[in-house]
Structure formats: C-alpha cells, structure tokens
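# Observations on the three-dimensional arrangement
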Amino acid sequence: MKKSQPIRMCISCRSRHPQKSLIRLKQDGKEIVAFDGTGRSFYLCQVCVRDEKKLKGLAKRFKQDAEQLARLLGTLV
Ligand SMILES: [Zn+2]
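Residues numbered from 1 in each chain as written. Predicted model: local features only at pLDDT ≥ 70, side-chain atom pairs only at ≥ 80, totals over all residues. Heavy atoms only, no water.

### A short note on the coordination of the zinc ion
- Within the protein, Cys 10 (SG), Cys 13 (SG), Cys 45 (SG) and Cys 48 (SG) serve as the donor atoms for the zinc ion, at 2.2 to 2.3 Å.
- Considered as a linear motif, the donors of the zinc ion on their single chain read C-x2-C-x31-C-x2-C. Of this pair, Cys 10 sits in the loop between strand E1 (7–9) and strand E2 (16–18) while Cys 48 sits in the loop between strand E5 (41–44) and helix H1 (52–61); the two residues are 38 residues apart in sequence, bridging distant segments of the chain. Each member of the pair, Cys 10 as well as Cys 48, is classed as buried. (Donors = N, O, S within 2.8 Å, 3.2 Å for Na, K, Ca; no water. Helix = DSSP H or I, 4+ residues; strand = E, 2+ residues; numbered from the N terminus. Buried < 20%, exposed > 50% of the residue type's maximum accessible area, 1.4 Å probe, protein only.)

Structure (structure tokens):
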C-alpha cells in the first residue's frame, strides 16, 4: 500500500485535496505570488484556479487586482 499523501485545504472552496494537486501560493506584502519556500503559504485547488468568480472573490479578499491574480495563476497551472 502507498503511504498516505499530505492533505491540504483549498482556501477558496475549503475542499481537501492531496497537497501535490494543489497550487501553492503565498502573500508577499500586498501581492499574491507563487510560494518560494518562505513565509506563510496557502493552497488553491485546480477547480478554483479556473473559476473566474472564485478568483475575483479571492482577489478582493487579498486586496489584489483580479487580472493580475489571474495572470499569475495562468503561469502556474
Ligand atoms: Zn477550491
């Protein structure tokens, strides 16, 4: 049997997924950026990164420009 994978929660829809399948991000000052190993990170699931409405909500929550966030995620997915 395989070892169980670490499970993390998507901060947008709160569903739980294996860590590997999630997009890991962090907040750097005012910006959301790709997680680079330092600071506090959070996760987004594959569904939410493709959901424009959810991204807009998330951008608002982090006071981030929605288009900028979508662009960043476009490079990570
Ligand atoms: Zn999600």
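On we go.
### Concerning the UniProt feature "domain: YlxR" (unreviewed entry) in the protein
- Sites flagged by UniProt as "domain: YlxR" (unreviewed entry) map to residues 8–66.
- Regarding residues 8–66, the helix share stands at 19% and the strand share at 32%, and the terminal C-alpha atoms are separated by 24 Å. (UniProt positions renumbered as here; feature names shortened; annotations may be inferred.)

### Describing the sheet that holds strand E3 (residues 23–28)
- Ordered in space as E4-E3-E5, the three strands form an open sheet in which the pairing is antiparallel. Pairing within the sheet leaves two strands with one partner each, and these edge strands are strand E4 (31–34) and E5. Each adjacent strand pair in this sheet contributes to an overall mean axis angle of 40 degrees, direction not counted.
- Note: E3 against E5, four bridges, orientation antiparallel. Within the sheet, the bridge partner assigned to Ile 23 lies in E5 and is Leu 44.
- Of the strands in this sheet, E3, E4 and E5 touch helix H2 (residues 66–76), which is tilted by about 5 degrees from E4. (Pairing = 2+ DSSP bridges. Axes fitted to C-alpha atoms, helices over the stretch in contact; angles between N-to-C directions. Contact = heavy atoms within 4.5 Å.)

### Focus: the pattern of salt bridges
- Considering all chains together, one arrives at three salt bridges under this definition.
- Of the charged contacts in the structure, one is a salt bridge between Asp 36 and Lys 26, with a shortest N-O distance of 3.0 Å. Taken together, the residues span a long stretch of sequence, with Asp 36 in the loop between E4 and E5 and Lys 26 in strand E3 at a distance of 10 residues.
- Overall, the relative accessible area of 53% leaves Asp 36 in the exposed class.
- Here Lys 54 makes a salt bridge to Asp 51, at a shortest N to O gap of 3.7 Å. (Salt bridge = Lys/Arg side-chain N within 4 Å of Asp/Glu carboxyl O.)

### Points about the packing of aromatic side chains
- In this structure the tally under the stated criterion is one aromatic pair.
- Ring centres of Phe 42 and Phe 62 lie 5.0 Å apart, and the angle between their planes is 15 degrees; this geometry places the pair in the stacked category. Of this pair, Phe 42 sits in strand E5 while Phe 62 sits in the loop between H1 and H2, placing them 20 residues apart in sequence. Like Phe 42, the residue Phe 62 is buried in the burial classification. (Phe/Tyr/Trp six-rings, centres within 6.5 Å; stacked < 30°, edge-to-face > 60°.)

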